[in-house]
Amino acid sequence: MLELGGALSDEAEPDVDATSQEVIAGWRATARIKADPAHYAEARKGTSGDFGPVQVSA
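Starting afresh in each chain, residues are numbered from 1 along the sequence in its written order. In keeping with the model being predicted, local features are shown solely for residues with a pLDDT of at least 70 and side-chain atom pairs are shown and tallied solely at 80 or more, while totals for entire chains, interfaces and linings include all residues. Remark: hydrogens and water are excluded; side-chain values derive from all non-hydrogen atoms of the structure.

## A look at the overall build of the protein
- The secondary structure listing takes helices from DSSP runs of H or I that are at least 4 residues long and strands from runs of E that are at least 2 residues long, numbered from the N terminus. A count of helical and extended segments in the protein gives three helices and zero strands.
- A buried classification covers 7% of the 58 residues belonging to the protein.
- Shrake-Rupley sampling with a 1.4 Å probe provides the accessible areas, and residues are treated as covered by the protein chains on show and by no other component. Accessible surface, the protein: about 5300 Å² in total, of which carbon and sulfur atoms supply 56%. Each residue is assigned to one of three classes by its accessible area relative to the maximum for its type, calculated with a 1.4 Å probe on protein chains only: buried under 20%, partly exposed between the two thresholds, exposed over 50%.

Shown next as structure tokens:
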């Protein structure tokens, strides 16, 4: 809940990019993955190797 409070107070600052919508979207994504035991177990597995270049958009 502190995360949401911080995001709401940050929205008053014009130079801050984080918004309450991003916080809530993150919570929803977390809830979705945790709701499916198989996907959650897969997400918690360790990774290794190179997954290739990262594409960045401006």
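## Let's talk about the pattern of salt bridges
- Here, a salt bridge means any Lys or Arg side-chain nitrogen found within 4 Å of an Asp or Glu carboxyl oxygen. Evaluated as defined, the whole model comprises one salt bridge.
- The shortest N-O distance in the salt bridge between Glu42 and Lys45 comes to 3.2 Å.

## Looking at the confidence of the model for the protein
- The pLDDT score gives, residue by residue, the confidence of the prediction method on a 0 to 100 scale. When pLDDT is averaged along the protein, the result is 80; 69% of the residues meet or exceed 70.
- The spread of mean pLDDT over the elements of the protein runs between helix H1 (residues 2-10), the lowest at 66, and helix H3 (residues 37-43), the highest at 92.

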